[in-house]
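Close look at the chain arrangement
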Amino acid sequence: MTMKQNMRGIMIAAVKSGSGKTTVTCALLEALKQRGCRPASFKCGPDYIDPMFHKTVIDVPSCNLDSFFCGEELLREIYSQRMADNGIGVVEGVMGLFDGLGGVREEGSAYHVASILQLPILLVVDAHGMGRSILPLLAGFLKYDRENRIKGVILNRTSRNFCERIAPVIEAELSLPVFGFLPNKSELKLESRHLGLKLPEEVKDIKKQICASAHTLEECVAVDRIIEMSDLAGSIPCSDDSLSKYVSPVLSQSPIRIGIALDEAFCFYYEENLNLLKKLGAKLIPFSPLHDHVLPEQLDGLLLGGGYPELHAKRLEENVPMRSSIRQAIQTGMPSVAECGGFLYLHAALQNEKGETYEMCNVLPGKCFYAGKLVRFGYIELAEKKPVFLSKGSVIKGHEFHYYDSETNGLDCTARKPASGVSFDCIHQGQCHFWGFPHLYYPSSPDFAVHFLEEARRFSRRKE
């Protein structure tokens, strides 16, 4: 059954990366929360870290909205389900507004998502060091906006004096409302590293910093007008739960206990992946490879997500009982999925960018090492050479972004980059394990999650 829903929402987008989208989004979420507006937060694209900042603000997990991963129907379904009990949807864009697959296609861009969800766009421009040149920049974006979605602009890293002088010019010449500005203050800038923003827990006084940003936003930006702008969101068709058909009798019995690595070293998980596993019958049991000494009892499967194990390699090495517990569990046949950081952890050793080598779980031979450059970056479509986790002829979509490489990347799957067509071998795969660098998006091929949990159910029965 399909029906149309009208939900208040906005897209916070920018002309390029580093313009201040996350700062504006977090400040706005906090301001809306303080006003009692019940905001729901979303992040365009495959990013893990920005949603963590959203969650820090509103204490609710933030969903990724990725039109390459999902397609239009599932994207609308994810958005509408999350919006059911919330007042205003705040969607943070990815990179520049029109930057999609390979930097050249619209698919996967913030604009594509805004188009699918019928959202008005609030554009963030880093105006530091700019004067009247802002006008042709904005004029170009407005001309390229074929659906007339850009409804306002915030000038970031500039002064009140300049904003008051340039705003009337922008509004007179371009008919584009200027909602305000944010000053060039260090406390309003979130710190980054080569893999992106630092994690929220790494930023000193992060909640205090976000509250200060919200206070500044209220002083310098017309938040009331942003709320009014959210009413411009159009109605979208929404289908019933398309993933419910994957729930089988095998999976709908007693909960399947899946241990999920969750701490400072392992924290990159798509919320939609976890929701799908739960919907299929999984009970997720968190554990910490850093702080716990053994795996939780009575596990049926193991999920080792991405993160920053290289920043915690010494502590991971020192936790010998946990490494032994994981190795023993996998050797006894416990089904397991390991992605990126979790894949690094399964190696015999990890060598960091200083050349220091630390022992890891020794499930896989060889070592992983800092390559000194970005090894893989971008979207992929992953096909198995021998169908096991996926149905024959199907692919699962994912994303890679890592500066580390492995002596044993695996040969069981072929990854293809959708924009360029370049392909390469990767993944260690068997009947009950799937390990490699790609971060996978399970809803793009739910068979993957179904197979993993069915193997976990079989493993559980063998223990009885």
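Residues numbered from 1 in each chain as written. Predicted model: local features only at pLDDT ≥ 70, side-chain atom pairs only at ≥ 80, totals over all residues. Heavy atoms only, no water.

Quick word on the overall build of the protein chain
Within the protein chain, the regular secondary structure consists of 14 helices and 28 strands. For 464 residues, the compact-globule estimate of 2.2 N^0.38 gives 23 Å, and the C-alpha radius of gyration of the protein chain, at 23 Å, lies within 12% of that figure. Principal axes of the C-alpha set define a box for the protein chain whose edges measure 70 × 55 × 45 Å. Buried positions account for 58% of the 464 residues belonging to the protein chain. (Helix = DSSP H or I, 4+ residues; strand = E, 2+ residues; numbered from the N terminus. Rg over C-alpha atoms; globule rule 2.2 N^0.38 Å. Buried < 20%, exposed > 50% of the residue type's maximum accessible area, 1.4 Å probe, protein only.)

A look at the sheet that holds strand S5 (residues 88-92)
Spatial strand order, S4-S3-S5-S2-S6-S7-S8: seven strands in an open sheet with parallel pairing. Looking along the sheet, the strands with just one partner apiece sit at the ends: strand S4 (63-65) and strand S8 (178-182). For this sheet, the mean angle separating the axes of adjacent strands, direction not counted, is 25°. (Pairing = 2+ DSSP bridges. Axes fitted to C-alpha atoms, helices over the stretch in contact; angles between N-to-C directions.)

Things to note about the packing of helix H6 (residues 134-144) against helix H7 (residues 160-174)
With their axes 11 Å apart at the nearest point, H6 and H7 run at an angle of 40° to one another. Here H6 lies oblique to H7, going by the angle between them. Relative to H7, H6 is oriented so that their crossing is right-handed. Between H6 and H7, the residues in contact are Ile 134, Leu 135, Leu 138, Ala 139 and Leu 142 and Phe 162, Ile 166, Val 169, Ile 170, Glu 173 and Leu 174, respectively. Of the residues assigned to the contact of H6 with H7, the class counts are ten nonpolar, no polar and one charged. (Parallel < 35°, antiparallel > 145°, perpendicular 65-115°, else oblique. Left-handed = near helix turned anticlockwise from the far one by under 90°. Contact = heavy atoms within 4.5 Å. Nonpolar A, V, L, I, M, F, W, Y, C, P; charged D, E, K, R; others polar.)

Details of the nonpolar core
Ranked by internal contacts, the top residues of the largest apolar core, which has 93 residues, are Met 11, Tyr 79, Leu 97, Leu 123 and Leu 155. At seven residues, helix H1 (residues 21-34) tops the list of elements feeding residues into this core. Excluding its chain neighbours within four sequence positions, the residues that come into contact with Leu 123 are Ala 13, Ala 14, Val 15, Leu 97, Leu 138, Phe 141, Ile 150, Gly 152, Val 153 and Ile 154. Ranked by size, the runner-up nonpolar core spans 66 residues in total, among them Phe 266, Leu 350, Cys 361 and Phe 424. (Core = buried A, V, L, I, M, F, W, Y, C linked by side-chain atoms within 4.5 Å.)

Quick word on the packing of aromatic side chains
The full count for this structure, using the stated rule, is 22 aromatic pairs. Seen from their ring centres, Phe 377 and Phe 401 are 5.2 Å apart, and the 70° between their planes marks the pair as edge-to-face. Of this pair, Phe 377 sits in strand S21 (residues 376-384) while Phe 401 sits in strand S22 (residues 396-402), and the two are 24 residues apart along the sequence. Assessed through its relative accessible area of 27%, Phe 401 is described here as partly exposed. Here Phe 401 and Tyr 403 contribute two aromatic rings whose centre-to-centre distance is 6.3 Å and whose plane-to-plane angle is 45°, an arrangement assigned as tilted. Taken together, the aromatic side chains of Tyr 48, Phe 68, Phe 69, Phe 268, Tyr 270, Tyr 308, Tyr 379 and Tyr 441 make up a single cluster linked through ring pairs. Directly above the aromatic system of Phe 424 lies the positively charged group of Arg 376, at a separation of 3.5 Å from the ring centroid. Here Lys 397 stacks its cationic end above the ring of Phe 68, 4.6 Å away from the centre of that ring. (Phe/Tyr/Trp six-rings, centres within 6.5 Å; stacked < 30°, edge-to-face > 60°. Lys NZ or Arg CZ within 6 Å of the ring centre and 35° of its normal.)

Some details on the sheet that holds strand S28 (residues 439-440)
The strand order across the open sheet built from five strands is S25-S24-S21-S22-S28, with neighbouring strands paired in antiparallel fashion. Lying at the two open borders of the sheet, with one neighbouring strand each, are strand S25 (423-426) and S28. As paired elements, S22 and S28 share two bridges and run antiparallel to each other. Considered in S28, the bridge of Gly 398 is made with Leu 440.

Re the pairing of strand S20 (residues 364-370)
Inspection of the sheet shows strand S18 (residues 347-351) paired to S20 by four bridges, in the parallel sense. From the neighbouring strand, Ala 349 faces S20, where its bridge partner is Lys 367. Two elements, S20 and strand S23 (residues 404-406), share three bridges in a ladder whose sense is antiparallel. Note on S23: the bridge partner recorded for Cys 368 is Ser 406.

Remarks on the pattern of salt bridges
One side chain can pair with another of opposite charge once the charged atoms of both are near each other. Inspection of the entire model under this criterion finds 19 salt bridges. Put simply, Lys 33 and Glu 30 hold a salt bridge, and the shortest N to O gap is 3.5 Å. Residue Lys 33 and its partner Glu 30 are located together in helix H1, separated by three residues, close to a single helical turn. The class of Glu 30 is buried, set by a relative accessible area of 7%. In this structure, Arg 146 engages Glu 106 in a salt bridge whose closest nitrogen and oxygen atoms are separated by 2.8 Å. (Salt bridge = Lys/Arg side-chain N within 4 Å of Asp/Glu carboxyl O.)

Observations concerning the state of the cysteines
Tallying each qualifying case throughout the model produces zero disulfides. Cys 211 forms no disulfide, and the closest cysteine sulfur to it belongs to Cys 26, at a distance of 11 Å. (Disulfide = S-S within 2.5 Å.)

Observations concerning the environment of Thr 357
On the secondary structure map, Thr 357 appears in strand S19 (residues 357-359). In the structure, Thr 357 is positioned twelve residues away from Phe 369 in sequence and 8.6 Å away in space, judged by C-alpha atoms. Contact partners of Thr 357, with chain neighbours within four places excluded, come to Glu 317, Ala 349, Leu 350 and Gln 351. At 3.4 Å, the side chain of Thr 357 and the side chain of Gln 351 are in polar contact. (Polar contact = N/O pair within 3.5 Å; in protein donor to acceptor, adjacent residues only side chain to side chain.)

Observations regarding the layout of surface pockets
Here the second largest pocket is characterised by a volume of approximately 590 Å³. In this structure, the second largest pocket is lined by 20 residues; those nearest its centre are Met 52, Lys 55, Leu 262, Cys 267 and Glu 271. Only helix H2 (49-58), helix H10 (271-279) and strand S14 (282-287) provide two or more residues apiece to the lining of the second largest pocket. Top contributing element to the lining of the second largest pocket by residue count: H2, with four residues. (1 Å grid on protein atoms, 1.4 Å probe; cavity = no way out; pocket = protein on both sides within 12 Å on 5 of 7 lines; lining within 4 Å. Points joined across faces, edges and corners; volume = space filled by probe spheres on them.)

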